[in-house]
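# Structural overview for review
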Amino acid sequence: MASIQKMKNGRWRYRVSYKENGKYKTKTKGGFRTKKEAELAAAELEKQLHKGYDINAADQLFPEYMRNWFELYKKGKHSPEHDKNVEYSVQLVEEYFAGVKMKELTRDMYQKFINEIAETRTTETVKKRHTYIKECIKAAIEEGVIIRDPTYKVVVKGKKKGKDEELKYLNYQEAKQLIAEIKKDMRPKYISRYIILFALATGARFSEILGLTWDCIDFKNRMVTINKTWDYKFTNDFADTKTYSSKRTIKIDEDTCKMLKELRKVQNEVAMKTGLRNEKNLVFVNTKMELVSNNAVNKTLKTLCRKLGLKEVTMHSLRHTHASMLLYRKANIKYISKRLGHKDIGITLQTYSHILDELEQAENMLLDQIMDDLYHAK
């Protein structure tokens, strides 16, 4: 049972007795403006005690809590890339919140932290760091370590501009030129060209393309199943997709299907002739049964762009190019979203808002034309 007392300075305090490891202890807190505030706070504390929460857990340092959370519940549970991103968030907390206890965290304090890291980072990076910190805070709330969420409705926005390549894509005619140039010299020895064509035809990520195995290709129905990636940065082996929604089965066109059939045929011929084996059953390996690096494919792509007088783009830009071509040809936004493996159409709309804005202007012109025809019909 809590006892409520009025202090000499006119403020109120509570004292709550509880039993821990067979010993009786008390928890006291003062500074409340009214007796009611003290009673409500004491009731909340007693509620936590009744549920078995460690009421002293809020006294631990925030950096120590997040480091422990990472080591126990995150590290090694996903990809090395994921671990690296969470580690960056932990390091930021250790740097900025040194000496800050869990119970001392406030929304103002957290917003100031976000504002500070935003000065030298892009919005995408700030959001990524915030996501993992917020996940840790949510765990602390669920464990009863803290009651309120200091990350609630904070504004997350970076001040540094993103890489230009993130916004680059080829338009319909430029993509057509690139494809024509690639097809002039298609040899499995130059596997980069096959990868570029496949990226243009599917919008798949580079790691997804490398991770494709022949059992993922349904030649009869012209379908490709993307259910894994290739971790070319760390393990040099198969890895999970970026998100659960990235697992998808998509349709491919007749020419792309034909290209894949020819590639498989050559790989079988090489295996018979040289004895080399495609041990992992990978689709995009060269005549030495080896994968090509991201750097090599980007180098080939940039060389082709320079030759055609086009702006230089990267593999990631081909994903944007695929989406932009579908948008310009009036493809349904839901279809595009699923094809790219986005979690929902909101991500697709946000990513390609600049293209959609351009299309809206064209639609406005079309509206003018339609109404003009109606008003002046003979």
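Further up the page is the structure itself.
Let us look at the structure shown here. Per chain, the residues get numbers from 1 upward, laid out in the order the sequence is written. Predicted model: local features are reported for residues with pLDDT of at least 70 only, side-chain atom pairs are reported and counted for 80 or more only, and whole-chain, interface and lining totals are derived from all residues. Only hydrogens and water are set aside when side-chain values are computed; all heavy atoms of the structure are taken into account.

## As for the overall build of the protein
A run of H or I in DSSP becomes a helix once it reaches four residues, and a run of E becomes a strand once it reaches two; helices and strands are each numbered from the N terminus. The number of helices and strands found in the protein is 14 helices and 8 strands. The globule rule is 2.2 Å times the number of residues to the power 0.38, and the radius of gyration it is compared with is taken over C-alpha atoms. A globule of 378 residues ought to have a C-alpha radius of gyration of about 21 Å, yet the protein, at 29 Å, is considerably larger. Counting only C-alpha atoms, the protein reaches 90 × 75 × 35 Å along its principal axes. Residues classed as buried in the protein amount to 39% of the 378 residues present. In this description, contact between two residues means that some pair of their heavy atoms is separated by no more than 4.5 Å. Taking all contacts inside the protein whose residues are at least 6 apart in sequence as the whole, residues at least 24 apart take part in 60%. Calculation of accessible area relied on Shrake-Rupley with a 1.4 Å probe; when residues are assessed, cover is drawn exclusively from the protein chains displayed. Of the accessible surface of the protein, which amounts to about 22700 Å², a share of 51% is contributed by carbon and sulfur atoms. When charges are counted, Lys and Arg contribute as positive and Asp and Glu as negative, whereas His and the chain ends are disregarded. Positions of charges follow a simple convention, taking NZ of Lys, CZ of Arg, CG of Asp or CD of Glu. Across the protein, the mean location of the 74 positive side-chain charges is 2 Å away from that of the 51 negative side-chain charges. When a residue's accessible area, from a 1.4 Å probe over protein chains only, is under 20% of the maximum for its type it is buried; when over 50% it is exposed; and in between it is partly exposed.

## Section: the packing of helix 7 (residues 191-202) against helix 10 (residues 294-308)
One way to put it is that helix 7 packs onto helix 10 with a least axis distance of 9 Å and a crossing angle of 80 degrees. Relative to helix 10, helix 7 is oriented roughly perpendicular. Across the interface between the two elements, S192, R193, I195 and I196 of helix 7 pack against A296, V297, T300, L301 and L304 of helix 10. Of the residues that constitute the contact of helix 7 with helix 10, the class distribution is 6 nonpolar, 2 polar and 1 charged. All axes here are fitted lines through C-alpha atoms, helices being fitted over the stretch that makes contact, and every angle between N-to-C directions spans 0 to 180 degrees. An angle counts as roughly parallel when it lies under 35 degrees, as roughly antiparallel when it exceeds 145, as roughly perpendicular when it falls between 65 and 115, and as oblique in every other case. Each residue gets one of three labels, nonpolar for Ala, Val, Leu, Ile, Met, Phe, Trp, Tyr, Cys and Pro, charged for Asp, Glu, Lys and Arg, and polar for the others, Gly among them.

## Structural notes on the packing of aromatic side chains
Between 30 and 60 degrees the pair is tilted, below 30 it is stacked and above 60 it is edge-to-face, where a pair is any two Phe, Tyr or Trp rings, Trp via its six-membered ring, whose centres lie within 6.5 Å. Throughout the structure, instances matching the rule amount to 10 aromatic pairs. Ring pairing ties together the aromatic residues F62, Y96, F97, Y110 and F113, which thus form one cluster.

## With respect to the nonpolar core
Each nonpolar core is a collection of buried residues, namely Ala, Val, Leu, Ile, Met, Phe, Trp, Tyr and Cys, held together in the definition by side-chain atoms within 4.5 Å. If you look at the biggest cluster of nonpolar residues, it comprises 45 residues, and the most contacted ones within it are I195, I196, F198, L260, F284 and M315. Among the secondary structure elements, those contributing two or more residues to this core are helix 6 (172-183), helix 7, helix 8 (206-210), strand 5 (223-226), helix 9 (254-274), helix 10 and helix 11 (315-328). Counting residues per element, this core draws most heavily on helix 7, which supplies 8 residues. Look past the residues within four positions of M315 in its chain and what remains in contact with it is I195, I196, A199, F206, I209, V297, N298 and L301. Among the nonpolar cores identified, the runner-up in size contains 30 residues, and L105, I114, V126 and A140 belong to it.

## Here's the deal with the sheet that holds strand 1 (residues 3-6)
Taken together, the 3 strands give an open sheet; going across it, the order is 1-2-3, and neighbouring strands pair in antiparallel fashion. What marks the edges here is a single partner per strand, and that holds for strand 1 and strand 3 (23-32). Neighbour-to-neighbour, the strand axes of the sheet open up by a mean angle of 25 degrees, direction not taken into account. When DSSP finds two or more bridges between a pair of strands, those strands are recorded as paired. Where strand 1 meets strand 2 (residues 12-20), 4 bridges bridge the pair, whose relative direction is antiparallel. Note on strand 2: the bridge partner recorded for S3 is R15. Running at roughly 15 degrees to strand 2, helix 1 (residues 35-50) makes contact with strand 1, strand 2 and strand 3 of the sheet.

## What to know about the sheet that holds strand 4 (residues 217-218)
Backbone-to-backbone hydrogen bonds join strands into a sheet, with any given pair of strands oriented parallel or antiparallel. If you trace the 3 strands from one edge of the open sheet to the other, you get 4-5-8, paired in antiparallel fashion. If you trace the sheet from one side to the other, it starts and ends with strand 4 and strand 8 (248-251), each paired once. Relative to strand 5, strand 4 runs antiparallel, the two sharing 2 bridges. From the neighbouring strand, I217 faces strand 5, where its bridge partner is V224.

## Comments concerning unusual backbone geometry
Not every positive phi belongs to a glycine, and K153 is a case in point at roughly 55 degrees. Phi at N281 takes a positive value of approximately 60 degrees, unusual for a residue other than glycine.

## A short note on helix 7
Here the expected length of a helix is defined as 1.5 Å per residue gap, with one fewer gap than residues. The end-to-end C-alpha separation of helix 7 is 17 Å, in line with the 16 Å expected for 12 residues at 1.5 Å each. With 12 of its 12 residues buried, helix 7 lies for the most part within the structure. Among all positions of helix 7, only I191, S192, R193, Y194, I195, I196, L197, F198, A199, L200, A201 and T202 are buried. Directly after helix 7, the chain includes G203, whose backbone phi takes a positive value near 75 degrees.

## Considering the pattern of salt bridges
For this analysis, a salt bridge means a side-chain nitrogen from Lys or Arg found within 4 Å of a carboxyl oxygen belonging to Asp or Glu. Inspection of every chain in the model, using the stated rule, returns 22 salt bridges. For K233, the salt bridge identified is with E81, shortest N-O distance 3.9 Å. Note that K233 is positioned in the loop between strand 6 (229-231) and strand 7 (237-239) and E81 in helix 3 (residues 80-96), a separation of 152 residues in sequence. Note that E119 is salt-bridged to K159, the shortest N-O span being 2.8 Å. Of this pair, E119 sits in the loop between helix 4 (107-118) and helix 5 (123-142) while K159 sits in the loop between helix 5 and helix 6, and the two are 40 residues apart along the sequence. For E119, a relative accessible area of 45% puts it in the partly exposed group. Each of R67, E71, K75, E87 and E94 takes part in a single network of salt bridges with overlapping partners.

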